[in-house]
Amino acid sequence: MVVLPMSKKQQCLSLMNLCCSIKQLHQIQSQIHISGLHQDTFLFTQLIYAFSLNKPLQNLIHAQKLVHFFSINPSPISWNILIRGYSTSNSPKDAIWVFDKMRKNGIRPNKLTFPFVFKCCAMEKSLFEGKQVHGDVVKCGLDCDVYVGNNLVNFYGSCNKILDAKKVFVEMPERGVVSWNSVITACVENAWLKDGIGYFLMMRDCGFEPDETTMVLVLNACAELGYLSLGRWTHSQIVLRGMVLSVHLGTALVDMYSKSGSVSNARLVFWRMEKRNVWTWSAMILGLAQHGFAEEALELFAMIGNSSKGEERVPDIDPHSGSEFDRSVDSVHSRSFIASGYPMGNNSDISPNYVTYLGVLCACSHAGMVDEGYQYFCEMEHVHGIKPKMVHYGAVVDMLGRAGLLAEAYDFIQSMPIEPDPIIWRTLLGACTVHDVHDHAGIRDKVRKRLLLLEPRRGGNLVIVANMYAEVGLWEKAANVRRDMRYGGMKKMAGESCVDLGGSLYRFFAGYDSHPDLLPVYDLLEGLNRHLKMVN
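The name recorded for the protein chain in an unreviewed UniProt entry is Pentatricopeptide repeat protein, from Crotalaria pallida.

Written out as structure tokens, the structure reads:
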């Protein structure tokens, strides 16, 4: 068989595929120009692709020069590649500039241009520029394209413009699962949680099958709402549909059960997962810490990265822990699961992150383990190189405050390398009202002044101060604070509670009786009150 020699174009394409350094790629470009092949659209596009999207060879500035100065073809392909390259880089805002240059050069964008431009606008939260691009979408007649619409919904969601995101979604003539996921994401990430759940239910009614992403989003919404019944129903749907318990799905379930108070169910899911990442471990540790299982949380933390102790041990799950409702459901499942010998996987390559350490510090705070908490706080930065965030400093202040170490907490705040936020001062002020009502140490008054200096018009702060004065009998000062609130039009945000009953979530606000079934509730409370008085 006669092997025909490769043409110069084929040689250049072959070399580009084998290229492993930016120097070699520049040499290939020189050969293309010397051979007069720079006018070959396909070859030129592949060269721009290599400079834009091949990570080891990426040089977006050079790719930009090629597109601007050597592109003789009005096709948007090379421009699309460059914009896509910027969308995966550390400077996504430059993609917006490239798009503007593309329009000024008379290049008409197509349906592959806009999704990456919207992606960059979403990453940069460039609302003004994104709206201008939206106008171009309409002018080009691409507002009916499902791929463009999906990214447009995501863009408005990322810019906290939920109503605009919902409007785009409603006006889409064609939708897919990604479309529904986009609008649910926009709602969930912006705390429009009930709307997100509503879209999920509508999605099912419209005949769309939810995928893993949908389930993770719904579980996140349930976690934030504490909507345990819906979370359990979602879990049952995952099982019935035969969906694989992936790391993302398992982590979402652990987080949902933990935040909804069903720690025993969180344990079951956690130990049943074949693979876990640092977020899975962090969710479980934080969940245990927040619900009073401090020792178990610290034992779990000790397992991370500790492969020298052999295989992981599945801890005995106490059927008497958690609520009565959890016990009735979980006791049998706990024993049967442990007996199943489900493979645990290896956790030796897991390194803790900032959320993991937040859980550890929270556990130490609830357990009163001050010395251990200090040790973990130092270990976080000096052993694992994790720079403490404001929330970690807040956890240490909470730990010291719970232990009644008010002076140490105040000194710790004073030594912080970053300016403490109002939450930290409010945490310490709360501790002062518990451990030093009469302010013998003089800490409370200092904290009060710092807090009111940072947030002078926050009603909640003034309520704390007024209550603080009232507790020590300073009625005149308490009345003055409340008078200042009234004249200044400041109000404390109403307290809120939720009740998950019969599969529905009921919300109640202090001082606002909007629920139609409240009268029977008040009658019942009045009857209980009379009964208690008779007993006493």
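Alright, that's what it looks like, and here's the rest.
We now examine helix 8 (residues 127-139). Taking 1.5 Å per residue as the helical rise, helix 8 with its 13 residues ought to reach 18 Å, and the 19 Å between its terminal C-alpha atoms agrees with that figure. Within helix 8 the residues assigned to the buried category are Gly130, Val133, His134, Asp136 and Val137. Summarising the axial view, the buried residues of helix 8 lie within an arc of 160°, below the 170-degree limit, and thus occupy one face. Across helix 8 from its buried face, at more than 90 degrees, point the exposed residues Phe128 and Lys139. Of the surrounding secondary structure, the elements contacted by the buried residues of helix 8 are helix 6 (93-104), helix 7 (114-124), helix 9 (146-158) and helix 10 (162-171). The first or second residue beyond helix 8 is Gly141, which carries a positive phi of 70°.

Our next topic: the packing of helix 14 (residues 228-240) against helix 15 (residues 247-259). Two numbers describe how helix 14 lies on helix 15: the axes approach to 10 Å, and their chain directions differ by 155°. With respect to helix 15, the axis of helix 14 lies roughly antiparallel. Crossing hand, helix 14 versus helix 15: left-handed. Residues Leu228, Gly231, Arg232, His235 and Ile238 of helix 14 lie in contact with helix 15, whose contacting residues are Leu249, Leu253, Met256 and Tyr257.

A few words on the packing of aromatic side chains. This structure, assessed with the given rule, holds 18 aromatic pairs. Taking 5.0 Å as the distance between ring centres and 85° as the angle between the ring planes, the aromatic pair formed by Phe270 and Trp281 counts as edge-to-face. Placement of the pair is Phe270 in helix 16 (residues 263-272) and Trp281 in helix 17 (residues 278-290), with a sequence separation of 11 residues. When its relative accessible area of 0% is taken as the criterion, Phe270 is described as buried. Judged by relative accessible area, which is 1%, Trp281 ranks as buried. Consider the rings of Phe301 and Tyr357, whose centres lie 5.2 Å apart with planes at 65°: the pair is edge-to-face. Residue Phe301 is found in helix 18 (residues 294-303), and its partner Tyr357 is found in helix 20 (residues 354-367); the two are separated by 56 residues along the sequence. The two residues Phe301 and Tyr357 agree in class, both being buried.

Another point: the pattern of salt bridges. Taken as a whole, this structure holds 14 salt bridges when the rule is applied. One salt-bridge network, held together by shared partners, links Glu224, Asp255 and Lys259.

Our next topic: the packing of helix 7 against helix 8. Helix-helix packing: each pair is described by the crossing angle between the helix axes and the interaxial distance. Where helix 7 contacts helix 8, the axes come no closer than 9 Å and their chain directions differ by 165°. As far as their axial angle goes, helix 8 and helix 7 are roughly antiparallel. The handedness of the crossing between helix 7 and helix 8 is left-handed. Residues Phe114, Val117, Phe118 and Cys121 of helix 7 pack against Glu129, Gly130, Val133, His134, Asp136 and Val137 of helix 8. Its residues placed into classes, the contact of helix 7 with helix 8 shows 6 nonpolar, 2 polar and 2 charged.

Of the voids in this model, the second largest pocket is the one considered here, and its volume is about 280 Å³. Along its surface, the second largest pocket is lined by 16 residues, and Thr251, Ala252, Asp255, Trp279 and Ala283 are the ones closest to its centre. If you list the elements that add at least two residues to the lining of the second largest pocket, you get helix 13 (212-225), helix 15 and helix 17. Along the lines of polarity and charge, the residues of the lining of the second largest pocket split into 6 nonpolar, 8 polar and 2 charged.

The UniProt record marks residues 75-109 and 176-210 with the feature "repeat: PPR" (unreviewed entry), using the residue numbering of this structure. Taken as a whole, residues 176-210 contains 74% helix and 0% strand, while its terminal C-alpha atoms sit 10 Å from one another.

Before going further, it helps to examine a nonpolar patch on the surface. A cluster of nonpolar side chains, namely Leu519, Val521, Tyr522, Leu524, Leu525 and Leu528, defines an oily patch on the protein surface of about 600 Å² accessible area. Position of Leu525 among the secondary structure elements: in helix 28 (residues 518-535). For Leu525, a relative accessible area of 49% corresponds to the partly exposed category.

Let us now look at the nonpolar core. Within the largest apolar cluster, 149 residues are counted, with the highest numbers of intra-cluster contacts made by Phe114, Leu300 and Leu428. Take this core: its biggest share by element is 9 residues, from helix 13. Sequence-distant contacts of Leu428, that is, excluding residues within four places in its chain, are made with Val397, Leu406, Ala409, Tyr410, Ile413, Ile443 and Val447.

Of all residues in the protein chain, 86% attain a pLDDT of 70 or more, and the chain-wide mean is 83. Contacts of residues 307-346 to residues separated by more than four positions or lying in other chains number 56 contacts, the stretch itself having pLDDT below 50.

On to helix 21 (residues 370-382), then. The terminal C-alpha atoms of helix 21, which comprises 13 residues, lie 19 Å apart, in line with the 18 Å expected from a rise of 1.5 Å per residue. Within the sequence span of helix 21, burial applies to Val370, Gly373, Tyr376, Phe377 and Met380. For helix 21, the buried positions fall inside an angular range of 120° around the axis, keeping them on one side. Of the exposed residues in helix 21, the ones pointing more than 90 degrees away from its buried face are Asp371, Gln375 and His382.

Position of Asn151 among the secondary structure elements: in helix 9. Look at Asn151 and you get buried, because its relative accessible area is 17%. Within polar-contact distance, the side chain of Asn151 engages the backbone oxygen of Tyr147 at 2.9 Å. Ignoring sequence-local partners within four residues, the contact set of Asn151 consists of Pro115 and Phe118.

With that settled, consider the environment of Lys477. Within the secondary structure, Lys477 sits in helix 27 (residues 475-487). For Lys477 and Ala466, which are 11 residues apart along the polypeptide, the C-alpha to C-alpha distance reads 7.3 Å.

Rules used throughout
- Residues numbered from 1 in each chain as written.
- Predicted model: local features only at pLDDT ≥ 70, side-chain atom pairs only at ≥ 80, totals over all residues.
- Heavy atoms only, no water.
- Helix = DSSP H or I, 4+ residues; strand = E, 2+ residues; numbered from the N terminus.
- Expected span 1.5 Å × (residues − 1).
- Buried < 20%, exposed > 50% of the residue type's maximum accessible area, 1.4 Å probe, protein only.
- Arc of directions from axis to C-beta.
- Contact = heavy atoms within 4.5 Å.
- Axes fitted to C-alpha atoms, helices over the stretch in contact; angles between N-to-C directions.
- Parallel < 35°, antiparallel > 145°, perpendicular 65-115°, else oblique.
- Left-handed = near helix turned anticlockwise from the far one by under 90°.
- Phe/Tyr/Trp six-rings, centres within 6.5 Å; stacked < 30°, edge-to-face > 60°.
- Salt bridge = Lys/Arg side-chain N within 4 Å of Asp/Glu carboxyl O.
- Nonpolar A, V, L, I, M, F, W, Y, C, P; charged D, E, K, R; others polar.
- 1 Å grid on protein atoms, 1.4 Å probe; cavity = no way out; pocket = protein on both sides within 12 Å on 5 of 7 lines; lining within 4 Å.
- Points joined across faces, edges and corners; volume = space filled by probe spheres on them.
- UniProt positions renumbered as here; feature names shortened; annotations may be inferred.
- Patch = residues over 30% accessible without salt bridge, like charges linked within 9 Å, V, L, I, M, F, W, Y side chains within 5 Å.
- Areas by Shrake-Rupley, 256 points an atom, 1.4 Å probe, with all protein chains shown as cover.
- Core = buried A, V, L, I, M, F, W, Y, C linked by side-chain atoms within 4.5 Å.
- pLDDT = per-residue confidence, 0-100.
- Polar contact = N/O pair within 3.5 Å; in protein donor to acceptor, adjacent residues only side chain to side chain.

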